[in-house]
Amino acid sequence: MLETIAYSILNGVLYGTLLFMMSSGLTLIFGMMGVLNFAHASFYMLGAYFAYTLGQATGFWVALFIAPILVGSVGAIVERYGLRRVHQFGHVPELLFTFGLAYVIEELVALFWGTVPVPYKMPDALNFTAFNLFGLDYSMFKVFILLVAVAMFVGLWVLLKKTRAGLVIQGSLSRPDMVGALGHNVPRVFMLVFAFGCALAGLGGVVGGIQFVTDPGMAFMMGPIVFVVVVLGGLGSVPGALVASLIIGILQTFFLSVNFSLAETIGTLGIEDSGFFGVLWHMEATRIAPVLPFLLLVLTLIFRPRGLFGKREA
Amino acid sequence: MATNTAVGKPSLLKLWPWVVIPIVAIILPHIFDSGHDINLMSHMSIAIIFALSYNMLLGNTGLLSFGHAVYFGLGAYVAMHVLRMVNEAGGEGLPLELIPLVGALAGMGFGIIFGAVSVRRAGVVFAMITLGVGALVHSSSLMFTDFFGGEAGLFGDRTYAPSMFGIDYGSSVSTYYLIVAWTLVAAILIYLLKKTPLGWMANAVRDNPERAQFVGYDPTFVRFFQFVLSALFAGLAGGLHVLSDEIVNDEVVGQIQSGAVLLGTYIGGIGYFVGPIVGASIVTILESSLSTYTDAWVLYFGLLFIGIVMFAPMGIVGVIHLQYLSWKAGGWKGNTGIRLYLLLAGLVGIFGLVCVIELSYHYFRSWDPSAPFGLMGFTVDATGAMPWLVSFAIAIAGFGAMLLHAKPMLARRTGAKTEGGKA
């Protein structure tokens, strides 16, 4: 049992940090522009594919820096020529625009890179065992992902709390019109924040594409879960996104790795494996895992719409 | 966004679509009589009810749902279980004509359950809850295999059920007529619902919930009633889906289905009653016929949707309506040629873009990119530079002429006229 717990905490933290890389950008974008970016996971996917293609020419380490910048540029173009135009029609068309964009990006990725997964592998420099826990190897690459995430969180925190740019961003979060009145170009701030958020998702993709699988379905896999994280953490809150990412990551990994059902733990109590509650009683935890994030999402929105750390209701 | 909220005089002449459309629907199977076409038209009818029910939320009440397939799908599953019960009882029990009603009731029931927790807020929170409920139900469909039939889905046999009128539903044409009849009933009901005080209050809640509350109507209740009624019609569509396909699997509750109805409704135009009808028809036709011609149909679909969201948020019906109004008011006088030129240039640009996309798909996707392939009636070699250059040239020339030449020209002409009118 101790092994399972340690194992699921380690892997859960890893999964959680990947979730955080995506959700931090999404929550910033939402907090500032009120746009729930449906295509955010698509930028994560672009990050993985860009890094894969670049990596063949330049190697992983260069791609690690260039790919997020490229993704950020794509994000800037999308904001400047797409979102900004739709902005005048209101929030619903903005949401719909990003929704359509997710379809288009997925199709374009499938067009250029094919529908089957690409062989995007970790660099040799990180391909060794870092430490061994209960007979299970923990590779250096996983440690590297953790380091990237920590660096990102610290960097974000410094940027938002300690720099002048962060001050403007924080101001635009709550009072965009006032920041505009003080002479800042708010649409430009919006564009940069959008690009920055996309670049963060792209960075997540650069490492996440290796850890998981790089195929055109990866955006569709991750997208809804990132929403759950952002809502659970509180829309617009970066620390909230961190905590929620870790909660979801650990919870889901735990449910996937333990062999557990109510009937096994408590006893069947004469409940047959049929009917709604009977099936639920006998359901193994691994089969509940995919549902768990969405259950959390719905419950959060019903009982605490501002999430764990959010200051205002969505 | 809604333009048809003005109270018009109930004139009998205005009801012509209600006469013309059923006649067209009755004649169509005699023109397109292949099994595939009739199947397509059945699906179109079902998509129309589904889109109309969706627009009760999005267009009339301003609620953006990402999980409307839940009510369609659960309605379909419950209807399928009833059909199977009838099958197992040796073809005795509920007549086939009434099985869609079971779907409707199921849709309504689930609408009451999920609606109660969804409608407290509009906007993004509502959208997220529906997304969550949609994902929840879709994931559960693989957990509860007794009810959802697992990955294989559930089968039923529509011919092995009694009919109220002694009709044999073995042929797809008679099923098509049954579906059309239900579609008409649903469309009329949805249209009339729009004209009830509830329909008007839904519009008020969409436009300004605070003022609606001030007048004495609880926005939550108005949203809830609209949600439940909308779920009812979605369930009806699901029940009809059971009759036409005789199989339901987890796709009917899935996010793709929810996305398709949103896309179709929006492409048609959410501010018009006929918008969802047009949109659902277009999407169904595109989905079934375009996919046989090209691999790129999802891309076209996405681009069309983005184009509508960016340039014509009133939808296809909205664009036609605005142009019609402008034409009626004499706004086309002296510039009809320029308008046609603008349209033509745009079409040329789209043609070029389609050529580029088709070339790309052939180049990147096919096993042998150098194999000759048919593009718009020409046989070309996708590895050569020529077809690419020509396609790009057509696209750039078309869009360039539209944006840089025709559009300013039209703006100058209409601008000059309004100034002249002022003077």
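No experiment lies behind these values; they were computed from the predicted model shown.

(A) Broad picture of the overall build of chain A. Scanning chain A from terminus to terminus reveals 14 helices and 2 strands. What you see for chain A is a C-alpha radius of gyration of 21 Å, in line with the 20 Å of a compact globule of 314 residues. With respect to the three principal axes, the spread of C-alpha positions in chain A is 70 × 45 × 40 Å. Counting across all 314 residues of chain A, residues that qualify as buried make up 47%. The contacts of chain A with a sequence gap of at least 6 include a subset with a gap of at least 24, amounting to 75%.

(B) Up close: the overall build of chain B. Looking only at helices and strands, chain B has 16 helices and 4 strands in total. For 423 residues, the compact-globule estimate of 2.2 N^0.38 gives 22 Å, and the C-alpha radius of gyration of chain B, at 24 Å, lies within 12% of that figure. Principal-axis analysis of the C-alpha atoms places the extent of chain B at approximately 70 × 65 × 40 Å. Across the 423 residues of chain B, 43% fall into the buried class.

(C) The arrangement of the UniProt feature "transmembrane region" (unreviewed entry) in chain A in detail. Residues and elements named next belong to chain A. Per the UniProt record, the feature "transmembrane region" (unreviewed entry) sits at residues 12-39, 59-83, 95-120, 140-160, 189-212 and 280-303. What you have in residues 95-120 is 73% helix and 0% strand, and the ends, taken at the C-alpha atoms, are 31 Å apart. Helix makes up 100% of residues 140-160 and strand 0%, whereas the separation of the span's terminal C-alpha atoms amounts to 30 Å.

(D) Quick look at unusual backbone geometry. All names here are of chain B. In this model, Glu 246 sits at a positive phi of 60°, which is unusual for a non-glycine residue. Tracing the chain through its elements places Glu 246 in the loop between helix H10 (219-245) and strand S2 (247-248). Given 16 C-beta atoms within 10 Å, Glu 246 falls into the partly exposed group.

(E) Spotlight on helix H4 (residues 99-118) of chain B. Spanning 20 residues, H4(B) covers 28 Å between terminal C-alpha atoms, matching the ideal 28 Å at 1.5 Å per step. The principal kink in H4(B), of about 30°, is found at B:Ile112.

(F) Here's a closer look at the confidence of the model for chain B. Residues and elements named next belong to chain B. In the predicted model, chain B carries a mean pLDDT of 84, and the fraction of residues at 70 or more is 95%. Of all secondary-structure elements in chain B, the lowest mean pLDDT belongs to strand S3 (residues 373-375), at 72, while H10 reaches the highest, 93. Confidence over residues 1-8 falls short of pLDDT 50; this stretch has 10 contacts with residues more than four positions distant or in other chains. Low confidence marks residues 418-423, where pLDDT is under 50. Its contacts with residues over four positions away, or in another chain, come to 0 contacts.

(G) Just the interface of chain B and chain A, in detail. Of the residues lining the interface, 33 residues belong to chain B; the matching set on chain A comes to 35 residues. Secondary-structure elements contributing two or more residues to the side of chain B that touches chain A are helix H5 (123-143), helix H13 (297-311) and helix H15 (336-365) of chain B. Among the elements that take part in the side of chain B that touches chain A, H5(B) stands out by supplying 14 residues, more than any other.

(H) Representation of the domain arrangement of chain B in the model. Assigned domains within chain B: domain 1 (13-297) and domain 2 (330-417). Between domain 1 of chain B and domain 2 of chain B, the C-alpha centre-to-centre distance is 37 Å.

Cut-off values and rules
- Numbering of residues begins from 1 in every chain and follows the order in which that chain's sequence is written.
- Starting at A for chains and at 1 for ligands, labels are handed out in the order in which the entities are written.
- Only residues with pLDDT of at least 70 are given local features in this predicted model, and only at 80 or more are side-chain atom pairs given and counted; all residues enter the totals for whole chains, interfaces and linings.
- Strands here are runs of E lasting at least two residues and helices are runs of H or I lasting at least four, both read from the DSSP assignment and numbered beginning at the N terminus.
- All radius of gyration figures rest on C-alpha atoms, and the globule criterion is 2.2 Å times the number of residues raised to 0.38.
- Any residue surrounded by 20 or more other C-beta atoms within 10 Å of its C-beta is treated as buried, while 12 or fewer makes it exposed and the intermediate range makes it partly exposed; C-beta atoms here are placed from the backbone.
- Contact criterion: two residues are in contact if their C-beta atoms, reconstructed from the backbone, are within 7 Å.
- UniProt positions are given in the numbering used here, feature names are shortened, and annotations may be inferred rather than shown by experiment.
- In this analysis, the expected span of each helix is defined as 1.5 Å times one less than the number of residues it contains.
- Here the bend at a residue means the angle between the axes of two seven-residue stretches, the one that ends at it and the one that starts at it.
- As a per-residue measure, pLDDT reflects the predictor's confidence and takes values from 0 up to 100.
- The split into domains, and so the bounds of each, comes from an automatic or database assignment of domains.

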